[in-house]
Amino acid sequence: MLRFTFLSILLLAGFSPARAQGIVTTLPEEIDATAKYVFFLPDEMVTPEDPQPTHREFGEYEYAEIANQFLAAGFTVISRPRAVTEHPYTVAEEIIGQIRKLRGAGVPATHIGLVGARQGAAIAVLVTTKYPQPDMQVVLLSLCNDTFMDFWIQQNELLAGNVLSIYASGSDERTSCLRYIEHSRPHGVSRYRELAL
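In this numbering scheme, every chain counts its residues from 1 along its sequence in written order. Local features in a predicted model are, by the rule used here, given only for residues with pLDDT of at least 70; side-chain atom pairs are given and counted only at 80 or more, and totals for whole chains, interfaces and linings are based on all residues. Side-chain metrics in this entry use all non-hydrogen atoms of the structure; hydrogen atoms and water are not considered.

Caption draft 1: Region of interest: the environment of D150. Strands here are runs of E lasting at least two residues and helices are runs of H or I lasting at least four, both read from the DSSP assignment and numbered beginning at the N terminus. The residue D150 is located in helix α5 (residues 146-155) in this model. Exposure categories follow from relative accessible area, calculated using a 1.4 Å probe and restricted to protein chains: below 20% of the type maximum is buried, above 50% is exposed, and the middle band is partly exposed. We classify D150 as partly exposed; its relative accessible area is 41%. Separated by 29 residues in sequence, D150 and R179 place their C-alpha atoms 9.8 Å apart.

Caption draft 2: Representation of helix α2 (residues 63-72). For α2, the full list of buried residues reads Y63, I66, A67, F70 and L71. Buried positions in α2, seen along its axis, are confined to an arc of 150 degrees and lie on one side of it. Backbone geometry just downstream of α2 places G74 in the positive-phi region, at approximately 100 degrees. As used here, the arc is the angular range of directions from the helix axis to the C-beta atoms.

Caption draft 3: Spotlight on unusual backbone geometry. Residues other than glycine seldom take positive phi values, yet S142 does so here, at roughly 50 degrees. Considering the arrangement of structural elements, one finds S142 in the loop between β7 (137-141) and α5. Unusually for a residue other than glycine, N156 sits at a positive phi of about 60 degrees. Within the element layout of this structure, N156 appears in the loop between α5 and β8 (161-167).

Caption draft 4: Geometry of the packing of aromatic side chains. Stacked, tilted and edge-to-face are the three classes assigned to paired rings of Phe, Tyr and Trp, where Trp is represented by its six-membered ring and a pair needs centres within 6.5 Å; plane angles under 30 degrees give stacked, over 60 edge-to-face, the rest tilted. Within this structure, the stated rule accounts for 3 aromatic pairs. Look at F148 and W152: their rings are 5.8 Å apart centre to centre, the planes differ by 35 degrees, and that puts the pair in the tilted class. Of the two residues, F148 and W152 both sit in helix α5, 4 residues apart, roughly one turn of that helix. With relative accessibility at 33%, the residue F148 sits in the partly exposed group. A relative accessible area of 6% means that W152 is categorised as buried. Cluster of aromatic residues (ring-pair linked, three or more members): F148, W152 and Y180.

Printed below as a string of C-alpha cells:
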C-alpha cells in the first residue's frame, strides 16, 4: 500500500522521462545540466538502520523499489534514509545547497523535483520556504492536517513551485492541503493540483 506509482505522479507534475543516471546520496561531481533530478524524501519511518520498515497498517515500505522506479524512468535520483537524530531544518539546508549547485550549473528549475512523503514532505516545505523556485516540481504525499497547516502559516513557512498534493481520502491523520497551498500562492506556487486516493 505504501508503494505509489511515482512515475505517473511525476508526469502529472510536469516531468518527462530522460535517461537513467543512478541513485546517489548527494550530487554527482559532474553535473549534467540537461538531466532531470529528483530529491526523494521518504517517510520518517525509513532510517539508515531500517531502510525497508513495515507499517502496521500499510505493510512494507518499499523505499529502494520506489527510488529505483525514478531511476528506471530516467531521473537522477538523490535520496537517502535520514537518521532519527537529523533535524528536518538541517536536512532542508543540505538540500537547498544541492539545488543551488544544480541551478548554478545551469540546470533549469523545471528539471528539479522534490518528492516527499509525510516528514519528507514537510522537509520539502522547508526547502521551498527558504529557496522558492516557482518552476520547480514539488510532490507532497500525506502531508497536511489542520495543526501542521496552522503552524506553517503562523511561522510563514510557505510552498513554492508546481505543486501536486496527494492524500488518502477518509484518513483521520492527513487531509487536504488546499487551504495551505492557496495561502502559499503569493510565495511562488505557479500551479497546483490535489488528488485524494
